[in-house]
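# Working through the structure, step by step
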Amino acid sequence: MNFLSSIFLGLVQGIAEFLPISSSGHLSLFQHFFGMSDPESSMFFNVLLHLGTLIAIFVYYWKDIVALFKELILIIKNLFSKKEKGEKPQRLSPRGRMIVMIIVATLPLFVVYPIKDQVEKLYGNTVFVGFALLVTGTLLFFSDRIAKGKKAARSTTMVDALLIGVGQAVAVVPGLSRSGTSISVGMMRGLKRKFAVRFSFLLSIPAVLGANIVSIGDAVKEGIDVSLLPAYIVGTIVAAVSGYFAIRLVNLLADKGKFGNFAYYCWGIGAAAIVATLIFH
């Protein structure tokens, strides 16, 4: 892998991870049709690319993350503190509810984990990826045409959080956008658009961290070509920077009700992937 390829794949990861167009689907298509990565080193590089997008979330939502971490410490402290007899438990604050909702929404991923090997095999099936992109486009198209929601952290229910989590879990397959699916489900459940985006991106933190922890062991077992580390690092930085600006763009477009415009792009890329596969392979 050369620097140009690493920069390009970092840009694809950073943009497509947060724009609702499926980073996994795009990386699969680029690697399949253009040979943009070395199969022996792609797993470790993919881990680093996801680390780059995780950095982008931490930078953009730094204040939220710090506040949620402090609230988590407070919740744990209250759980283990001695209470007076007859004392009622404290009600969760909006930040406390957010923490619990993120935990609830993360649970469906544990159901998907046992079949991760089968899911990974789909990365080489460009017809499947193409159809999944068509599904992503359809979700985006309809989610943007429903009435604006009014729910925020205080009024969003645990059922809402669980269903958003189910959407995220289903979107582990390449071609289905994680952000697009989870944000769309949130909108369909009546969440405010900005809150749906914020919840989706904060929800991705445990998902990406967990996936990286699971994948890093497999990547190390395959072996890491140290000579490629400079190219990997450059790709990771590009993913982080482009990811930050992609988050800003998604927030802007969702707030203006233009989130569904990405549907046409997903339909075009999905159809092109299917046609190209049938013609050239």
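Residues numbered from 1 in each chain as written. Predicted model: local features only at pLDDT ≥ 70, side-chain atom pairs only at ≥ 80, totals over all residues. Heavy atoms only, no water.

Moving on to the packing of helix 1 (residues 3-18) against helix 2 (residues 23-34). Each pair of packed helices gets described by two things: the angle between the helix axes and the distance between those axes. As a packed pair, helix 1 and helix 2 sit with axes 8 Å apart at the nearest point and diverge in direction by 150°. Classed by the angle they form, the pair helix 1 and helix 2 counts as roughly antiparallel. Mapping the contact onto sequence places Phe8, Leu9, Val12, Gln13, Ala16 and Glu17 in helix 1 and Ser23, His26, Leu27 and Phe30 in helix 2. Classifying every residue of the contact of helix 1 with helix 2 gives six nonpolar, three polar and one charged. (Axes fitted to C-alpha atoms, helices over the stretch in contact; angles between N-to-C directions. Helix = DSSP H or I, 4+ residues; strand = E, 2+ residues; numbered from the N terminus. Parallel < 35°, antiparallel > 145°, perpendicular 65-115°, else oblique. Contact = heavy atoms within 4.5 Å. Nonpolar A, V, L, I, M, F, W, Y, C, P; charged D, E, K, R; others polar.)

Attention now moves to the nonpolar core. By size, the foremost hydrophobic cluster in this structure holds 43 residues, and its most contacted members are Tyr61, Phe199 and Leu202. Broken down by element, this core gets its largest block of residues, nine residues, from helix 11 (residues 193-222). With near-sequence residues (within four places) excluded, Phe199 lies in contact with Met98, Met101, Ile102, Ala105, Ala161 and Ile164. With twelve residues, the next largest nonpolar core counts Leu9, Phe44, Leu228 and Tyr232 among its residues. (Core = buried A, V, L, I, M, F, W, Y, C linked by side-chain atoms within 4.5 Å. Buried < 20%, exposed > 50% of the residue type's maximum accessible area, 1.4 Å probe, protein only.)

Tracing the backbone through its elements, the reader meets Ser179 in helix 10 (residues 178-188). Residue classification places Ser179 among the buried positions, given a relative accessible area of 0%. The residues contacting Ser179, other than those within four sequence positions of it, are Glu17, Phe18, Leu19, Pro20, Ser200 and Phe201.

As a further point, take the environment of Leu11. Locating Leu11 in the fold gives a position in helix 1. Residue class for Leu11 comes out partly exposed when judged on its relative accessible area of 38%. For the pair Leu11 and Arg145, spaced 134 residues apart in the sequence, the C-alpha separation amounts to 30 Å. Those residues in contact with Leu11 that lie beyond four places of it in its chain are Val238 and Ser242.

Within the structure shown, the criterion is met by three salt bridges. Two residues, Asp64 and Arg198, come together in a salt bridge whose shortest N-O distance is 3.2 Å. Here the residue Asp64 occupies a position in helix 4 (residues 62-80), and Arg198 occupies one in helix 11, the gap between them amounting to 134 residues. In this structure, the salt-bridge partner of Lys151 is Asp160, at a minimum N-O distance of 2.9 Å. With a relative accessible area of 23%, Lys151 lands in the partly exposed category. What makes Asp160 buried here is its relative accessible area of 0%. Taken together, the salt bridges that share partners define one network made up of Lys151, Asp160 and Arg189. (Salt bridge = Lys/Arg side-chain N within 4 Å of Asp/Glu carboxyl O.)

The topology assignment puts Trp267 in helix 13 (residues 262-280). A sequence separation of 96 residues divides Trp267 from Ala171, and the C-alpha atoms of the two residues are 17 Å apart. Discounting residues that sit within four places of it in the chain, Trp267 has contacts with Leu134, Gly137, Thr138 and Phe141. Within the structure, Trp267 has its side chain in polar contact with the backbone oxygen of Leu134 (distance 3.2 Å). (Polar contact = N/O pair within 3.5 Å; in protein donor to acceptor, adjacent residues only side chain to side chain.)

Positive phi is not limited to glycine here, since Ser22 has a value of about 70°. Counting through the fold element by element, Ser22 comes out in the loop between helix 1 and helix 2.

Turning to helix 1, a few remarks are in order. The first and last C-alpha atoms of helix 1 sit 23 Å apart over 16 residues, in line with the 22 Å expected at 1.5 Å per residue. Taken together, the buried positions of helix 1 are occupied by Ser5, Ser6, Leu9, Gly10, Val12, Gln13, Gly14, Ala16, Glu17 and Phe18. (Expected span 1.5 Å × (residues − 1).)

Turning next to the packing of helix 1 against helix 12 (residues 229-255). At a minimum axis distance of 7 Å, the contact between helix 1 and helix 12 shows a crossing angle of 30°. Relative to helix 12, helix 1 is oriented roughly parallel. Taken as a pair, helix 1 and helix 12 cross one another with a handedness that is right-handed. Residues Phe3, Ser6, Ile7, Gly10, Leu11, Gln13, Gly14, Ile15 and Phe18 of helix 1 touch helix 12, and the partners they reach there are Pro230, Ala231, Val234, Gly235, Val238, Ala239, Ser242, Gly243, Ala246, Ile247 and Val250. Among the residues forming the contact of helix 1 with helix 12, the class breakdown is 13 nonpolar, seven polar and no charged. (Left-handed = near helix turned anticlockwise from the far one by under 90°.)

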